[in-house]
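Coordinate analysis (summary)
Here's the letter readout for the chains.
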Amino acid sequence: MKNVQINQMQGTFYQLENRYKETHMKSSVRDKAEGAFHEVKGMVKETAGKLTENKVLQDEGTVEKIAGKAQAKIGQFKKVLGK
């Protein structure tokens, strides 16, 4: 019975720890991660637009890729400032 309670408490602790990390991530790290995500998403859209000859999708991808690069650079700048 005690083992079950200990396991439940450990599970709760890990959930709280993960939730804390999600909500208290430094803004520089968050910006770099989100920037990288948008950069990859933009590359996928851009490639899909080229393959399907869809100029609008290709342009959307290019814009999102550039925005992702900018956001990642902002994250790097914030890291230098210590934020």
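Keep in mind it's a predicted model, so treat the numbers as computed, not measured. Throughout, a residue's number is its position along its own chain's written sequence, starting from 1. In keeping with the predicted nature of the model, local features appear solely for residues at pLDDT of at least 70, side-chain atom pairs appear and are counted solely at 80 or more, and the whole-chain, interface and lining totals rest on all residues. As a convention, hydrogens and water are excluded, and side-chain values are obtained from all of the structure's heavy atoms.

Section: the pattern of salt bridges
Put simply, the test is: For this document, the term salt bridge refers to a Lys or Arg side-chain nitrogen within 4 Å of an Asp or Glu carboxyl oxygen. Here a strand is any run of E in DSSP of at least two residues, a helix any run of H or I of at least four, and the numbering for each starts at the N terminus. Partly exposed residues are those whose accessible area sits between 20% and 50% of the maximum for their type, while under 20% is buried and over 50% is exposed, using a 1.4 Å probe and protein chains only.
This structure, assessed with the given rule, holds six salt bridges. The closest approach of N and O atoms between Lys-78 and Asp-31, which form a salt bridge, is 2.7 Å. Taken as a pair, Lys-78 in helix H3 (residues 55-81) and Asp-31 in helix H2 (residues 27-51) lie far apart in primary sequence, 47 residues in all. A salt bridge links Glu-46 to Lys-65, with the shortest nitrogen-to-oxygen separation between them at 2.9 Å. You can see Glu-46 sitting in helix H2 and its partner Lys-65 sitting in helix H3, a full 19 residues away along the chain. Like Glu-46, the residue Lys-65 is buried in the burial classification. Through salt bridges that share partners, Lys-41, Lys-45, Glu-60 and Glu-64 make up one connected network.

Brief notes about the confidence of the model for the chain
What counts, and what does not: The predictor attaches a confidence to each residue, called pLDDT, with possible values from 0 through 100.
Scored by pLDDT, the chain comes out at a mean of 83, with 72% of its residues at no less than 70. The spread of mean pLDDT over the elements of the chain runs between helix H1 (residues 2-23), the lowest at 64, and H3, the highest at 92.

Points about H2
Rule in force here: Between the first and last residue of a helix there are one fewer steps than residues, each counted as 1.5 Å, and that sum is the expected span.
Taking 1.5 Å of rise per residue, 25 residues should cover 36 Å, and H2 covers 36 Å from first to last C-alpha, within 8% of that figure. Buried within H2 we find Ser-28, Asp-31, Gly-35, Gly-42, Glu-46 and Gly-49. Remark: Glu-53 follows H2 within two positions and exhibits a positive phi of approximately 55°.

A few points about the environment of Thr-52
To keep it simple, the criterion reads: Polar contacts here mean pairs of N or O atoms no more than 3.5 Å apart (in protein, one a potential hydrogen donor and the other a potential acceptor; neighbouring residues in sequence count only if both atoms are side-chain atoms).
With respect to the secondary-structure elements, Thr-52 resides in the loop between H2 and H3. The exposed category is assigned to Thr-52, whose relative accessible area is 54%. Polar contacts involving the side chain of Thr-52 include one to the main-chain carbonyl oxygen of Ala-48, which spans 2.8 Å.

A few points about the environment of Glu-46
To keep it simple, the criterion reads: In this description, contact between two residues means that some pair of their heavy atoms is separated by no more than 4.5 Å.
In this structure Glu-46 comes out as buried when scored by relative accessible area, which is 12%. In this structure, the C-alpha to C-alpha distance between Glu-46 and Thr-62, residues 16 residues apart in sequence, is 5.9 Å. In this view, Glu-46 contacts Leu-57, Gln-58, Gly-61, Thr-62 and Lys-65; residues no more than four positions away in its chain are not counted. Of note is the side chain of Glu-46, whose polar atom sits 2.9 Å from the side chain of Lys-65.

Some words on a nonpolar patch on the surface
To keep it simple, the criterion reads: Without a salt bridge and with relative accessible area above 30%, a residue can belong to a patch; like charges are then joined within 9 Å and nonpolar side chains (Val, Leu, Ile, Met, Phe, Trp, Tyr) within 5 Å. Throughout, the Shrake-Rupley method with a 1.4 Å probe supplies accessible areas, and for residues the shown protein chains are the sole cover considered.
Side chains of Val-40, Met-43 and Val-44 sit close together on the surface and give an oily, nonpolar patch of about 260 Å² of accessible area. Considering the arrangement of structural elements, one finds Met-43 in helix H2. Residue Met-43 is classed as partly exposed on the basis of its relative accessible area, which comes to 38%.

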